[in-house]
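Structural characterization, general
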Amino acid sequence: MDMMGNKERRGVNFKGLLKRNWLLIATILSVLLGISLGVAVREYASLSHLHKQYFGFPGELLMRMLKLIILPLIISSMIT
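In this report, we go over the structure that sits alongside the text. (Residues numbered from 1 in each chain as written. Predicted model: local features only at pLDDT ≥ 70, side-chain atom pairs only at ≥ 80, totals over all residues. Heavy atoms only, no water.)

1. Describing the overall build of the protein
Selection criterion: Comment: elements are numbered from the N terminus, with helices defined as DSSP H or I runs of at least four residues and strands as E runs of at least two. To be clear on the numbers: accessible area is Shrake-Rupley with a 1.4 Å probe, and residue cover counts the displayed protein chains and nothing else.
Helix and strand counts for the protein come out as three helices and zero strands. Listing every helix and strand of the protein by position from the N terminus yields α-α-α. As displayed, the protein has an accessible area near 8100 Å², and 70% of this comes from carbon and sulfur atoms.

2. Observations concerning the pattern of salt bridges
It is possible for side chains bearing opposite charge to pair when their charged atoms get close. Short version of the rule: Should a side-chain nitrogen of Lys or Arg be within 4 Å of a carboxyl oxygen of Asp or Glu, the pair is scored as a salt bridge. Here's how the labels work: a residue is buried when its accessible area is under 20% of the maximum for its type, exposed when over 50%, partly exposed in between, all with a 1.4 Å probe on protein chains only.
Counting across every chain of the model gives one salt bridge. R64 is the partner of E60 in a salt bridge, and the nearest nitrogen-oxygen pair spans 3.3 Å. Of this pair, E60 and R64 both sit in helix α3 (residues 49-79), four residues apart, roughly one helical turn. R64 sits in the exposed class, given a relative accessible area of 53%.

3. Let's talk about a nonpolar patch on the surface
Note the cut-off: Patch construction takes residues with relative accessible area above 30% that form no salt bridge. Like charges are linked within 9 Å, and nonpolar side chains (Val, Leu, Ile, Met, Phe, Trp, Tyr) are linked within 5 Å.
A cluster of nonpolar side chains, contributed by V12, F14, L17, L18, L24, I25, I28, L29 and L32, occupies part of the molecular surface with about 850 Å² of accessible area. Of all the secondary-structure elements, those providing two or more residues to the nonpolar patch are α1 (14-20) and α2 (22-44). Broken down by element, the residue count for the nonpolar patch peaks at five residues, all from α2.

4. Observations concerning the layout of surface pockets
So the rule is basically this: Points on a 1 Å grid over protein atoms alone make up a cavity when a 1.4 Å probe fits among them but cannot get out, and a pocket when they form an open set with protein on both sides within 12 Å along at least five of seven lines; lining residues each have an atom within 4 Å of a point. Grid points are joined across faces, edges and corners, and a volume is the space filled by probe spheres set on the points. In this classification, the charged set is Asp, Glu, Lys and Arg, the nonpolar set is Ala, Val, Leu, Ile, Met, Phe, Trp, Tyr, Cys and Pro, and all remaining amino acids, among them Gly, are polar.
Estimates place the volume of the largest pocket at around 270 Å³. What lines the largest pocket is simply G34, L37, G38, V41, R42, L47, K52 and F55. Taken together, the elements giving at least two residues each to the lining of the largest pocket come down to α2 and α3. It is α2 that contributes the most residues to the lining of the largest pocket, five residues altogether. Here the lining of the largest pocket is composed, by residue class, of four nonpolar, two polar and two charged.

Here is the structure:
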């Protein structure tokens, strides 16, 4: 115990850390996997224009959905 009466923590509870932060860890790993896959496909695969459009379609869809969500929020905040 220290002077304040608190117990000192020794070591790190790694299992508890993983349990509390699993979503953050999964997000970071997914981003790293996506970046590495993108670099590998760009460098080592010869894709036709059609295949590039197939890869780009989900991202384009996501960006359009985000625009549909954000645009009304911006307009309503400008009006009020």
